[in-house]
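Listed below are the residues making up each chain.
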Amino acid sequence: MKVEIWSDVMCPFCYVGKKNFENALVQLPFKDKIEVEWKSFQLDPDLPVEGLDMSTAAYLAKRKGMPEQQIQGMMDNLQQAGKAVGIDFKQDQSIPVNTIRAHRLSHFAQSHGKGNEMEEALFLAHFTDGKNVGDIEVLVGLAEQVGLNAAEVRAFLATDEKVDEVTADITEARALGISGVPFFVLDRKYGVSGAQPTEAFVEALTQAFQESQPQFEMKGNSEAGACGPEGCEI
């Protein structure tokens, strides 16, 4: 069964949702039969790739038209929510930046079997380590950490390769009616929106997996003659 996850590196709830989703997976006896594919979504494609020289609180206050103090209060609440799932949010250090390069790197990593590891590295770099995830050398270093070849990644990021895949993901999100992230699509049958709690993911994944399995119904007389390892019965 495939699970497609639309997210953006600058989305804190995408990070929380990722943790809750992963905590749900480890509880499932069929976890090895679930394929995860990360999809791109950009919350603010108009940001510069070099990043803004202002705090995340100031950027969000300006973008949302809210007092910076109110934004800071929301970020403080989010920090507490992050601790519950093992995330050390330090958004006072996070750099608002265009995430197009990060998304391209995520697609590159997925093509090399490192999609989940790359997403975790990107989230950690942005939300905890205060790194600029639009900077090529930062991205090369993160890629190297998850086992990708640094020279190959640097050469890849110097091109426009996989921009079309990022664009296709965003276009597909619109077609599916996805207007916010994180958004999880289960086997192309169910959608799960937002950073749902772990138990909600367990329930949704279990239902989707059960429905994805071949179903058959017994017909006929159960007392009819049949043969088995112990012999035949009439």
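Residues numbered from 1 in each chain as written. Predicted model: local features only at pLDDT ≥ 70, side-chain atom pairs only at ≥ 80, totals over all residues. Heavy atoms only, no water.

### Quick word on the pairing of strand S4 (residues 190–193)
Now for step 1: Examined bridge by bridge, strand S3 (residues 183–186) and S4 share four bridges and lie antiparallel to one another. Paired with Phe-183 across the strands is Ser-193, a residue of S4.
Now for step 2: Linking S3 back to S4 in an antiparallel pair, the connection comprises three residues, with Asp-187 at a positive phi of about 55°. (Pairing = 2+ DSSP bridges. Helix = DSSP H or I, 4+ residues; strand = E, 2+ residues; numbered from the N terminus.)

### Some remarks on the pattern of salt bridges
Now for step 1: Taken as a whole, this structure holds 15 salt bridges when the rule is applied.
Now for step 2: With a closest N to O distance of 3.9 Å, Glu-4 and Lys-39 form a salt bridge. With Glu-4 in strand S1 (residues 2–7) and Lys-39 in strand S2 (residues 35–40), this pair connects stretches of sequence that are 35 residues apart.
Now for step 3: On the accessibility criterion, Lys-39 (9% relative accessible area) is buried. (Salt bridge = Lys/Arg side-chain N within 4 Å of Asp/Glu carboxyl O. Buried < 20%, exposed > 50% of the residue type's maximum accessible area, 1.4 Å probe, protein only.)

### Considering the nonpolar core
Now for step 1: Counting residues in hydrophobic clusters, the biggest one holds 21 residues, and the most contacted among them are Leu-105, Met-118, Leu-122, Val-133, Leu-139, Leu-148 and Val-153.
Now for step 2: Elements with a minimum of two residues in this core: helix H4 (100–111), helix H5 (115–127), helix H6 (136–145) and helix H7 (150–157).
Now for step 3: Among all residues touching Leu-148, those that are not within four sequence positions of it are Phe-108, Ala-109, His-112, Lys-114, Met-118, Ala-143 and Val-153.
Now for step 4: In this structure, Met-1, Phe-201, Val-202 and Leu-205 belong to the second largest nonpolar core, which totals 19 residues. (Core = buried A, V, L, I, M, F, W, Y, C linked by side-chain atoms within 4.5 Å. Contact = heavy atoms within 4.5 Å.)

### Some thoughts on the environment of Lys-189
Now for step 1: By the element assignment, Lys-189 lies in the loop between S3 and S4.
Now for step 2: The sequence separation of Lys-189 and Ile-178 amounts to eleven residues, and the corresponding C-alpha distance is 14 Å.
Now for step 3: Side chain to side chain, Lys-189 and Glu-211 meet in a polar contact 3.1 Å long. (Polar contact = N/O pair within 3.5 Å; in protein donor to acceptor, adjacent residues only side chain to side chain.)

### A look at the environment of Gly-147
Now for step 1: Take Gly-147: it is sitting in the loop between H6 and H7.
Now for step 2: Spatially, the C-alpha atom of Gly-147 lies 32 Å from that of Thr-206, the residues being 59 residues apart in sequence.

### Here we look at the packing of H6 against H7
Helix-helix packing is characterised by the crossing angle of the two axes and by the distance between the axes.
Now for step 1: The interhelical angle for the contact between H6 and H7, taken along N-to-C directions, is 145°, at an axis separation of 9 Å. Every pair of crossing elements has a handedness; the one defined by H6 and H7 is right-handed. From H6, Ile-136, Glu-137, Leu-139, Val-140, Ala-143 and Glu-144 reach across to H7, where they touch Ala-150, Val-153, Arg-154 and Leu-157.
Now for step 2: In the contact of H6 with H7, the residues fall into seven nonpolar, no polar and three charged. (Axes fitted to C-alpha atoms, helices over the stretch in contact; angles between N-to-C directions. Left-handed = near helix turned anticlockwise from the far one by under 90°. Nonpolar A, V, L, I, M, F, W, Y, C, P; charged D, E, K, R; others polar.)

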